[in-house]
Amino acid sequence: MIQNVGNHLRRGLASVFSSRTSRKSASRAGNDSAMADGEGYRNPTEVQMSQLVLPCHTNQRGELSVGQLLKWIDTTACLSAERHAGCPCVTASMDDIYFEHTISVGQVGIINGQGERGPVQAQGMECDLGSGHPQLPLLSALTLSVASLRVCKPSQGQCQLFDGPSLKKSLHGRWETNDTTLDLVEHGLPLGMFSPPRFPPSPHPWSDLESRDCSHMVPAEKTRVESVELVLPPHANHQGNTFGGQIMAWMENVATIAASRLCRAHPTLKAIEMFHFRGPSQVGDRLVLKAIVNNAFKHSMEVGVCVEAYRQQAETHRRHINSAFMTFVVLDADDQPQLLPWIRPQPGDGERRYREASARKKIRLDRKYIVSCKQTEVPLSVPWDPSNQVYLSYNNVSSLRMLVAKDNWVLSSEINQVRLYTLEDDKFLSFHMEMVVHVDAAQAFLLLSDLRRRPEWDKHYRSVELVQQVDEDDAIYHVTSPALGGHTKPQDFVILASRRKPCDNGDPYVIALRSVTLPTHRETPEYRRGETLCSGFCFWREGDQLTKVSYYNQATPGVLNYVTTNVAGLSSEFYTTFKACEQFLLDNRNDLAPSLQTL
């Protein structure tokens, strides 16, 4: 199924082009002349493709297939690259892609490609034939890495000559991601807000294979798929090399089959981690495509795909052509993701792929939200002043209630009746933890209202100072936390805590937290100032002496690594902290401080 490529792509991979200085100078002079005549600037490398989606382009859901979309993207980008370079070009790699919307039969996909000093960007829109106007974004800032192909003397045959330093630059992001993945799997990284612990030798609780119900597990080997494609002239581009878009379409097809063997349904592709072409193939080559499900999470699965090429005369000598990792979900009738069976990896390489898939999930989440979120450009904290305290208090509680009320929370993990939910939108990755404790809701609310007691159960709160008791329901605290991984300085926060009791039956008790700035507590050299945008607790009375406790947090760039490390199952820190909170409530349910009882 296709889904339109979303706007969460991080960096443009560099491209290597061969073009003459005179051509650049002439183009520059022409552009200057156009500007002088009062005309708007138009990039001379721009190429636009408009494609009507026909039934032959669609999948079983009647929506444009991802494979067909990849062919169109690759063609548009290649034409733009050749305009820029002035010579034949081939695709070297394609950056990560996230699929978020669908496009159906009868709609028009408009893809624009243009090069800017190297990177070629393909950007498109979905267009409704009825109005003729673009509707939803099909592609946004999709950058392809296109490398120059130079043809040597006929006696030497065709040879691919990549400019070494430039190609290294273009693939640097790929290598960096691979290194990070290996480090996460083998050693663990002190990432995020509170330096998650190093990896123990055994799997983490969130992904403990031994604790799962074996009757609902599918052996990874049952999802293995292998297919062989013969490269024919229609599959080749104008240079005689296998069309990159065709290879990517074949890869998507074999990955979909592997995913369907796990879920026994029609899977939907949601994301692709960078295609990287390691070498060319030509007409007459046999391409061996292999796919297997590396890991299955609660609602998604990762499929690894690789492509090898050989000539009929030398079948034993296979060349590695391409590889990619694809993330699939299974959607129900309401387009909501369904629960998936667990995967049981094979010992050895299977277990390695299983761990690496968790690490890649964490990296994908990091990249997706750091890229799209512009928060780092402005402070998250707002100035606190008596003149705006009513507004800030109301906004603090209202923001948390709006986050709680969102209806697209997804259950990511569950262990010992502690649930971890995630919520993804354009700019944020939010999470919430949930458990039921044998404590009255009012008592739990009072115990957690005073942040000065939080260090008793949360090791991330090293010290808490009450700066100002604004009124009965609002207080400002100065919080310090241990040093972050990779940093020598501890971190501090200035937090407004606003609490509210239920107004009606069924309403929760609420404790809302957000960062503010105070003239008396400016950032100091001893600490790195941290910020929280929206977080807090909600307490629902489930019965006599029984309360559902939920903690919510809208992840900001400063805590994103910490959040995704837990979401991906690479750390059990969330679980450990929340269980400590439960024990704190149980130990103190009959021993409330007098000052709290009067609030």
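Okay, the overall build of the chain next. On a plain count of helices and strands, the chain comes out with 10 helices and 25 strands. Taken across its 599 residues, the chain has 54% of its residues classed as buried. In the chain, of all internal contacts separated by at least 6 residues, the share reaching a separation of at least 24 is 71%.

A few words on the nonpolar core. Leu 70, Met 251, Ile 272, Phe 275, Met 301, Val 303 and Met 326 are the most contacted members of the largest nonpolar core, which totals 50 residues. Broken down by element, this core gets its largest block of residues, 10 residues, from helix 4 (residues 244-263). If we skip the residues at most four places from it in the chain, Ile 272 touches Val 66, Leu 70, Asp 96, Ile 97, Phe 99, Ala 324, Phe 325 and Met 326. Met 435, Phe 445, Leu 513 and Val 563 belong to the second largest nonpolar core, which has 46 residues in total.

Counting buried residues in helix 8 (residues 560-567) gives seven out of eight residues, a clear majority hidden from the surface. Inspection of helix 8 places Leu 560, Tyr 562, Val 563, Thr 564, Thr 565, Asn 566 and Val 567 among the buried residues, and these make up the whole buried set. Remark: Gly 569 follows helix 8 within two positions and exhibits a positive phi of approximately 85°.

On to the packing of aromatic side chains, then. All told, the structure shown has eight aromatic pairs when counted by the stated rule. Within the aromatic cluster, the residues linked to one another by ring pairs are Phe 431, Phe 445, Trp 457, Tyr 509, Phe 537, Phe 539, Tyr 551 and Phe 574. The ring of Phe 325 has Arg 360 sitting right over it, with the charged end atom 3.5 Å from the ring centre. Of note, Lys 548 hangs over the ring of Trp 540, and the distance from its end group to the ring centre comes to 4.8 Å.

Below, the discussion takes up the confidence of the model for the chain. The pLDDT averaged across the chain works out to 76; a share of 72% of its residues lies at or above 70. Low confidence marks residues 1-39, where pLDDT is under 50. Its contacts with residues over four positions away, or in another chain, come to 119 contacts. Every residue in residues 136-173 scores below 50 in pLDDT, and together they form 113 contacts with partners more than four places removed in sequence or on other chains.

Let us look at unusual backbone geometry. Positive phi values are uncommon outside glycine, yet Asp 335 reaches one of about 60°. With respect to the element layout, Asp 335 can be found in the loop between strand 13 (319-329) and strand 14 (342-344). Unusually for a residue other than glycine, Gln 545 sits at a positive phi of about 60°. Overall, the relative accessible area of 36% leaves Gln 545 in the partly exposed class.

With that out of the way, let us pick up the packing of helix 2 (residues 66-85) against helix 4. Between two packed helices, the angle of one axis relative to the other and the distance separating the axes together describe the packing. Where helix 2 contacts helix 4, the two axes come as close as 8 Å, and the packing angle between them is 165°. One finds that helix 2 runs roughly antiparallel with respect to helix 4. In terms of crossing hand, the pair formed by helix 2 and helix 4 is right-handed. Residues Val 66, Gly 67, Leu 70, Lys 71 and Asp 74 of helix 2 pack against Gly 244, Gly 245, Gln 246, Met 248, Ala 249 and Glu 252 of helix 4. Considering only residue class, the contact of helix 2 with helix 4 consists of four nonpolar, four polar and three charged.

Each value, and the rule that gives it
- Residues numbered from 1 in each chain as written.
- Predicted model: local features only at pLDDT ≥ 70, side-chain atom pairs only at ≥ 80, totals over all residues.
- Heavy atoms only, no water.
- Helix = DSSP H or I, 4+ residues; strand = E, 2+ residues; numbered from the N terminus.
- Buried < 20%, exposed > 50% of the residue type's maximum accessible area, 1.4 Å probe, protein only.
- Contact = heavy atoms within 4.5 Å.
- Core = buried A, V, L, I, M, F, W, Y, C linked by side-chain atoms within 4.5 Å.
- Phe/Tyr/Trp six-rings, centres within 6.5 Å; stacked < 30°, edge-to-face > 60°.
- Lys NZ or Arg CZ within 6 Å of the ring centre and 35° of its normal.
- pLDDT = per-residue confidence, 0-100.
- Axes fitted to C-alpha atoms, helices over the stretch in contact; angles between N-to-C directions.
- Parallel < 35°, antiparallel > 145°, perpendicular 65-115°, else oblique.
- Left-handed = near helix turned anticlockwise from the far one by under 90°.
- Nonpolar A, V, L, I, M, F, W, Y, C, P; charged D, E, K, R; others polar.

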